[in-house]
Amino acid sequence: MRELAILAFVTVDGVMQAPSMADEDRSGGFDRGGWAAPYWEGVMPHVEETAMSTPYDVLFGRKTYDLFAGHWPNAPRSKANERLNSARKFVATSSPLGTEWENSEVLTGEVVPEIARLKSQDGPLIQVHGSAQLIQALTKHDLIDEFRIWTFPVLVGKGKRLFEGEHPPRDLTLVSAEGLSNGVVSQVYRTAR
């Protein structure tokens, strides 16, 4: 049995939509994309060291997969890049993949049972990068073992939030909290079982 961890960049008011680029995700009329970009230089080395330095598989929602697949296969070579490109990538989507990013496969059938099946197998940690809609489903069905959240000192007011709608109550245990020099706070919580 393996575990599943989400990795999320959020604003202080909980928005996780379009952290990197202005045009990353304009759904719902969101016009504040790129809010995290000024902080990347201080954040990404921390993410690479704390979350991407050991083997893992990745679970993506379709929009996030397409964004990553458009960047990472051609990004400058680094250990983080090599690890992500060589990781198994599972994509929750009902349509064929439009790109050939190595080790990518579509989850067929109902997403929640498919993810439960993946978790029941042997293998490395499964990470979810971004993918707001997918995180909502995982939270609702208690499939998340660890929340890795980087909170940015920004308020954007509207947009897709990490926790939206109703979800079952959970007790979490704080594993670590670290303030970075640029004001971003890294937090890791485990689901109390």
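All values reported here derive from a predicted model rather than from experimental measurement. Counting of residues starts from 1 at the beginning of each chain's written sequence and follows it residue by residue. Since the coordinates come from a predicted model, pLDDT governs what is reported: local features require at least 70, and pairs of side-chain atoms require 80 or more to be given and counted, while whole-chain, interface and lining totals use all residues. Side-chain metrics rest on all non-hydrogen atoms present in the structure, leaving aside hydrogens and water.

S.K.: Quick one: what's the story with the sheet that holds strand 8 (residues 185-191), residue by residue and with numbers?
M.R.: Here 8 strands make up an open sheet; going across it, the order is 4-3-2-5-1-6-8-7 and the pairing mixed. The sheet is open, and its two borders are formed by strand 4 (104-107) and strand 7 (172-179), each paired with just one other strand. On average, each strand axis in the sheet is tilted by 25° relative to the strand beside it, whichever way the strands run. The pairing of strand 7 with strand 8 spans 7 bridges and is antiparallel. In the sheet register, Thr173 faces strand 8, and the bridge partner there is Arg190. Residue contacts are defined here by distance: any two heavy atoms, one from each residue, within 4.5 Å place the two residues in contact. Only the stretch in contact is used when fitting a helix axis, every axis being a line fitted to C-alpha atoms; angles between N-to-C directions are given from 0 to 180 degrees. A run of H or I in DSSP counts as a helix once it spans at least four residues, and a run of E counts as a strand once it spans at least two, with each numbered from the N terminus. Seen against the sheet, helix 1 (residues 40-51) touches strand 1 (4-11), strand 2 (56-61), strand 5 (125-129), strand 6 (146-152), strand 7 and strand 8 and runs at an angle of roughly 165° to strand 6. Helix-sheet contacts for helix 3 (residues 79-86) involve strand 2 and strand 3 (89-92), and the interaxial angle to strand 2 is about 70°. Strand pairing follows a simple DSSP-based rule, namely that at least 2 bridges must link the two strands.

S.K.: Before we move on, could you go through the nonpolar core and cite the residues and values that matter?
M.R.: The biggest cluster of nonpolar side chains holds 31 residues, and the ones touching the most others in it are Phe9, Trp35, Val43, Leu84, Trp101, Trp150 and Phe152. Counting only elements with at least two residues in this core, the list comes to strand 1, helix 1, strand 2, helix 2 (62-69) and strand 6. Counting residues per element, this core draws most heavily on helix 1, at 4 residues. Residues within four places of Phe9 in sequence aside, it is in contact with Val15, Met16, Pro19, Trp35, Trp40, Val43, Met44, Val47, Trp150 and Phe152. We call a set of buried residues a nonpolar core when its members are Ala, Val, Leu, Ile, Met, Phe, Trp, Tyr or Cys and they connect through side-chain atoms within 4.5 Å of each other. Relative accessibility under 20% of the residue-type maximum defines a buried residue, over 50% an exposed one, and the middle range a partly exposed one, all with a 1.4 Å probe and only protein chains included.

None of the figures reported here should be taken as evidence of function without further support.
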